[in-house]
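Okay, here's what each chain looks like letter by letter:
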Protein chains: 2
Amino acid sequence: MDEVKIIEIKKSVFADNEQDADALRKELKGKGIYLLNLMSSPGSGKTTTLIGTINRIKDKIRVAVMEADIDSNVDAVKIKEATGIQSIQLHTGGMCHLDAEMTRQGLASLMLADTDLVILENVGNLVCPAEFDTGAVRNAMILSVPEGDDKPLKYPLMFSVCDLVLVNKTDVLPYFDFNLEKCRENVRMRNPMAQVIPICAKTGEGLDVFADWLLQEVKAWKNS
Amino acid sequence: MDEVKIIEIKKSVFADNEQDADALRKELKGKGIYLLNLMSSPGSGKTTTLIGTINRIKDKIRVAVMEADIDSNVDAVKIKEATGIQSIQLHTGGMCHLDAEMTRQGLASLMLADTDLVILENVGNLVCPAEFDTGAVRNAMILSVPEGDDKPLKYPLMFSVCDLVLVNKTDVLPYFDFNLEKCRENVRMRNPMAQVIPICAKTGEGLDVFADWLLQEVKAWKNS
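Structure report, in brief. Starting from 1, residues in each chain are numbered consecutively following that chain's sequence as written. For this description, chains carry letters from A and ligands carry numbers from 1, given in the order in which they are written. Residues qualify for local features only when their pLDDT is at least 70, as the model is predicted, and side-chain atom pairs are given and counted only at 80 or more; totals for whole chains, interfaces and linings, by contrast, use all residues. The side-chain numbers reported here are obtained from all heavy atoms of the structure, hydrogens and water having been left aside.

### Digging into the interface of chain A and chain B
Across the boundary between the two partners, chain A contributes 34 residues, which contact 34 residues of chain B. Defined here as a combined quantity, buried area equals the accessible surface (1.4 Å probe) lost by two parts on assembly, summed across both. Carbon and sulfur atoms make up 58% of the area that chain A and chain B hide from each other, which totals about 2600 Å². Per-residue buried area on chain A facing chain B is highest for P42, K154 and Y175 of chain A; these three make up 23% of the total on that side. By definition, a salt bridge exists where a carboxyl oxygen of Asp or Glu is found within 4 Å of a side-chain nitrogen of Lys or Arg. The interface formed by chain A and chain B includes 2 salt bridges. Whether two residues touch is decided by their heavy atoms; if any such pair falls within 4.5 Å, the residues are in contact.

This is the structure we're talking about:
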């Protein structure tokens with residue numbers, strides 16, 4: 001396995017995370033870097049989705065990934081092996097989310113001068129990560145078909161803070177009681193502005209749409 | 001829809017949750033009540049598993065369920081409609097876990113004199129609930145096939161505190177890269193004593209085994 005950097009993140013001491021997140025966003029804007037915060041349940045397919053998507057955009061923009069996990073470095077290694085881009089592992093030391101200061105600790109270990117887009121793969125958790133602004137330009141999340149179309153009812157905050165919902169594992173739709181239209185309705189109830197893109201990371205379905213969304217976002221951010 | 005009681009849980013103020021959990025376990029022992037804490041990711045099939053299992057044991061022991069969620073009461077209503085047993089909804093007000101005092105608040109709303117087994121369906125989350133002893137006799141969890149066999153590597157604490165791991169949705173094993181033997185190995189690495197039972201809540205496979213485990217556990221607890 002390729003070696004990847006593992007960063008042990010320390011609990012942050014900032015009293016006002018919102019303020020700190022705004023400051024980080026401004027710093028990144030100054031450097032022309034777009035940060036995406038990607039959240040989901042455990043096992044929804046974040047890493048596989050990233051690999052397929054990064055391979056579609058890495059010749060157009062410079063991408064780096066920070067993989068946050070409580071333990072292990074399997075995801076950062078997978079990303080590095082499958083895409084060749086900058087990939088580091090953030091260990092949260094048992095913590096269930098990342099805030100802006102913790103995100104900043106991770107960014108400090110990347111070669112930011114060589115980067116247009118940094119994707120933060122947050123800890124697999126539909127609850128706590130939604131409560132903390134990481135300093136990202138946008139929040140996106142993956143909801144996978146096996147989890148069910150009722151998740152926006154049960155995890156309201158997560159769906160209301162996300163600008164983009166990727167509905168993953170559409171290849172197994174025939175085997176699950178998952179109604180895509182019902183899902184869209186439930187997402188809209190929490191966030192009328194959220195975009196929903198059905199994808200299948202395994203087959204590649206929909207990844208072009210997500211890749212285009214990312215390219216547009218980064219371009220707009222740089223020009224804004 | 002049947003009406004179910006919704007309890008708004010308040011944040012607990014106990015300094016020492018471990019001590020409080022031990023006290024709750026003793027109280028429940030005195031009343032002859034077995035409490036099971038069931039945890040998992042969102043959408044792993046906790047509610048469907050409970051319905052199938054409760055219908056297999058409800059004529060032998062008296063069962064009650066507490067459904068913890070951040071919002072909505074869909075699960076408590078489903079359980080009540082499908083099994084007819086006592087079922088209440090606990091709203092955690094955005095909190096990502098339950099501790100012993102919060103569990104006690106829920107128990108206070110059940111008719112405990114009519115109950116042998118209380119199952120607490122914890123908030124769907126593989127991180128925070130593992131950190132808090134609820135006062136349960138045992139912790140159990142569901143890992144569903146679509147989540148992947150690598151979850152014990154990424155969520156070590158959850159797997160080390162659980163005495164039982166139900167591997168759910170075995171009907172979709174052909175469609176996912178999930179190796180049951182690898183999963184068993186990963187679970188054993190975190191907790192050599194944990195029992196692994198493959199189940200399919202949808203088809204009923206394995207639910208007899210889980211039902212027998214519960215009956216044995218309750219019997220042993222009452223006689224201990």
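Alright, that's what it looks like, and here's the rest.
### Side note on empty space enclosed by the protein
A pocket, in this scheme, is an open set of points on a 1 Å grid over the protein atoms alone with protein on both sides within 12 Å along at least 5 of 7 lines, while a cavity is a set where a 1.4 Å probe fits but cannot get out; residues line either one if an atom lies within 4 Å of a point. Grid points are joined across faces, edges and corners, and a volume is the space filled by probe spheres set on the points. Summed over the entire model, instances satisfying the criterion amount to 1 cavity of 30 Å³ or more. Taken as a whole, the largest cavity encloses approximately 60 Å³ of empty space. As for the largest cavity, its lining consists of 14 residues, and the residues nearest its centre are S144 and E147 of chain A together with S144, P146 and E147 of chain B. Here the residues of the lining of the largest cavity sort into 4 nonpolar, 7 polar and 3 charged. Under the grouping applied here, Gly and all other residues not named as nonpolar or charged are polar, the nonpolar ones being Ala, Val, Leu, Ile, Met, Phe, Trp, Tyr, Cys and Pro and the charged ones Asp, Glu, Lys and Arg.

### Some remarks on the environment of A64 of chain B
All names here are of chain B. By the criteria applied, helices consist of DSSP H or I runs no shorter than four residues and strands consist of E runs no shorter than two, each listed in order from the N terminus. Considering the arrangement of structural elements, one finds A64 in strand β3 (residues 63-69). With 126 residues separating them in the primary sequence, A64 and R190 have C-alpha atoms 30 Å apart. Every residue in contact with A64, bar those within four places of it in the chain, is listed here: I85, Q86, L110, T115, L117, V118 and I119.

### Examining the sheet that holds strand β5 (residues 117-121) of chain A
Residue and element names in this part refer to chain A. On the basis of which strands lie adjacent, the open sheet formed by 8 strands has the order β1-β4-β3-β5-β2-β6-β7-β8 and parallel pairing. Looking at strand neighbours, the two that pair on one side only are β1 (5-8) and β8 (195-198), the edges of this open sheet. With direction set aside, neighbouring strand axes in the sheet form an average angle of 25°. Pairing between two strands requires that DSSP report at least two bridges joining them. Two elements, strand β6 (residues 138-144) and strand β7 (residues 164-168), share 5 bridges in a ladder whose sense is parallel. Pairing of A140 across the sheet is with L164, part of β7. Lines fitted to C-alpha atoms define the axes here, with helix axes fitted over just the stretch in contact, and angles between the N-to-C directions of these axes take values from 0 to 180 degrees.

No statement about biological role is implied by the geometric values presented.
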